[in-house]
Amino acid sequence: MTDVTLVVKKDDLDPDSVTARLGLQPSAVRLPGVDRWDPGGDADGQWRLQCDERTTRIFSEQLDVILRAAEGCARVLEMLRAEGCETTIIVSGFAGNDSQIVFSGDEMARISRLQTAVKIIPNINER
């Protein structure tokens, strides 16, 4: 089980402004400030577009959904980065039973053209 998320974050981020500029409806947003669920954690404002098993259980399809969305607003993402925002594609999922996440050469090229970092967060909890 995986999910792929495009995240835009900044210490003073206005998520509504990001929504308007990107022209995409986010899956979730968070205003800047202390997170009540993780008081010592990240306090940056965040805008998130997530693709998970509700759309498809196939990783390459999840990644394609997010990459297509990001490619459609690549210029705006570039402008947001120039204004100090951090943009990241986060891949997360359960890592057990010899599971693997494979990126094709084409997928890596698409990510590279977006100039956006990729962060992989495996969940290795015992089940």
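Residues numbered from 1 in each chain as written. Predicted model: local features only at pLDDT ≥ 70, side-chain atom pairs only at ≥ 80, totals over all residues. Heavy atoms only, no water.

A. Local environment of the overall build of the chain. For the chain, the count of helices and strands is four helices and five strands. Secondary structure elements of the chain, listed N to C terminal, follow the sequence β-α-β-β-α-α-β-α-β. A burial count over the chain gives 38% of its 127 residues as buried. Summed over its atoms, the accessible surface of the chain is roughly 7700 Å², and 49% of this surface lies on carbon and sulfur atoms. (Helix = DSSP H or I, 4+ residues; strand = E, 2+ residues; numbered from the N terminus. Buried < 20%, exposed > 50% of the residue type's maximum accessible area, 1.4 Å probe, protein only. Areas by Shrake-Rupley, 256 points an atom, 1.4 Å probe, with all protein chains shown as cover.)

B. Here's a closer look at the packing of aromatic side chains. All told, the structure shown has one aromatic pair when counted by the stated rule. Look at Phe59 and Phe103: their rings are 5.3 Å apart centre to centre, the planes differ by 85°, and that puts the pair in the edge-to-face class. Taken together, the residues Phe59 in helix 2 (residues 59-72) and Phe103 in the loop between strand 4 (86-94) and helix 4 (105-114) connect sequence positions 44 residues apart. Under the relative-accessibility criterion, Phe103 is labelled partly exposed at 21%. (Phe/Tyr/Trp six-rings, centres within 6.5 Å; stacked < 30°, edge-to-face > 60°.)

C. The arrangement of unusual backbone geometry in detail. Even without being glycine, Gln115 reaches a positive phi, approximately 55°. Mapped onto the elements of the fold, Gln115 is located in the loop between helix 4 and strand 5 (117-123). You can call Gln115 exposed: its relative accessible area is 60%.

D. Representation of the sheet that holds strand 4 in the model. Spatially, the five strands line up as an open sheet ordered 2-3-1-4-5, and their pairing is mixed. Edge strands, defined here as strands with exactly one partner in the open sheet, are strand 2 (28-30) and strand 5. On average, each strand axis in the sheet is inclined to that of its neighbour by 20°, with strand direction left out of account. Note that strand 1 (residues 2-10) and strand 3 (residues 45-51) share seven bridges and pair antiparallel. Within strand 3, the position partnered with Val4 by the bridge is Cys51. In the packing of helix 1 (residues 15-22) onto the sheet, contacts are made with strand 1, strand 2 and strand 3, and the angle to strand 3 comes to roughly 50°. (Pairing = 2+ DSSP bridges. Axes fitted to C-alpha atoms, helices over the stretch in contact; angles between N-to-C directions. Contact = heavy atoms within 4.5 Å.)

E. Expanded view of the side chain of Asp3. For Asp3, the position within the fold is in strand 1. Put simply, Asp3 is tucked away with no salt bridge, and the nearest opposite charge, on Arg48, sits 6.8 Å away. For Asp3, the side chain forms a polar contact with the side chain of Gln50, separated by 3.3 Å. Not counting chain neighbours up to four residues away, the residues in contact with Asp3 comprise Gln50, Cys51, Asp52, Gln62, Ile90, Val91 and Ser92. (Lys, Arg positive; Asp, Glu negative; His and termini not counted. Salt bridge = Lys/Arg side-chain N within 4 Å of Asp/Glu carboxyl O. Polar contact = N/O pair within 3.5 Å; in protein donor to acceptor, adjacent residues only side chain to side chain.)

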